[in-house]
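What the coordinates show
So the chains spell out like this:
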Amino acid sequence: MGWATVTHPFHPLSGKRFLVLKRRRVGGREVLSLFDEQKGTIALPREWTDQAPPSVVSGLLPQAPILHPACLIQLRELAQLLKKRIDDVQ
């Protein structure tokens, strides 16, 4: 069945990769049974892994890189403006 990486940002196993043992439906949700050598079998919702189907809104907005140089310049300008306003108030 391949491999799955946990992508849920708040899950303690986030970023870890596991062997997929099987897929099943539980309560209307697709759940993956994953194998971990230390913990045994782990069941996680499919949408918490990189096996999740693409989101309906994922293609609507372009993914802006966080460290894009233009964004960093704008952030620096904003920080300088806020610092100037704070200094003007004091």
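Residues numbered from 1 in each chain as written. Predicted model: local features only at pLDDT ≥ 70, side-chain atom pairs only at ≥ 80, totals over all residues. Heavy atoms only, no water.

1. Describing the nonpolar core
If you look at soluble globular proteins, the nonpolar side chains tend to sit buried side by side. Counting nine residues, the largest nonpolar core is built from Ala-4, Val-6, Leu-13, Phe-18, Val-20, Leu-32, Leu-34, Ile-42 and Leu-44. Within the residue set of this core, elements represented by two or more residues are strand E2 (17-26), strand E3 (29-36) and strand E4 (40-45). Residues within four places of Leu-44 in sequence aside, it is in contact with Val-6, His-11, Glu-30, Val-31, Leu-32 and Leu-34. (Core = buried A, V, L, I, M, F, W, Y, C linked by side-chain atoms within 4.5 Å. Buried < 20%, exposed > 50% of the residue type's maximum accessible area, 1.4 Å probe, protein only. Helix = DSSP H or I, 4+ residues; strand = E, 2+ residues; numbered from the N terminus. Contact = heavy atoms within 4.5 Å.)

2. As for the sheet that holds E4
On the basis of which strands lie adjacent, the open sheet formed by four strands has the order E1-E2-E3-E4 and antiparallel pairing. Two strands close off the open sheet at either side, each with one partner strand: strand E1 (3-5) and E4. Each strand of the sheet is rotated relative to its neighbour by a mean of 50°, with strand direction disregarded. Bridge analysis of E1 against E2 gives three bridges, and the strand direction is antiparallel. Bridged to Ala-4 within E2 is Phe-18. (Pairing = 2+ DSSP bridges. Axes fitted to C-alpha atoms, helices over the stretch in contact; angles between N-to-C directions.)

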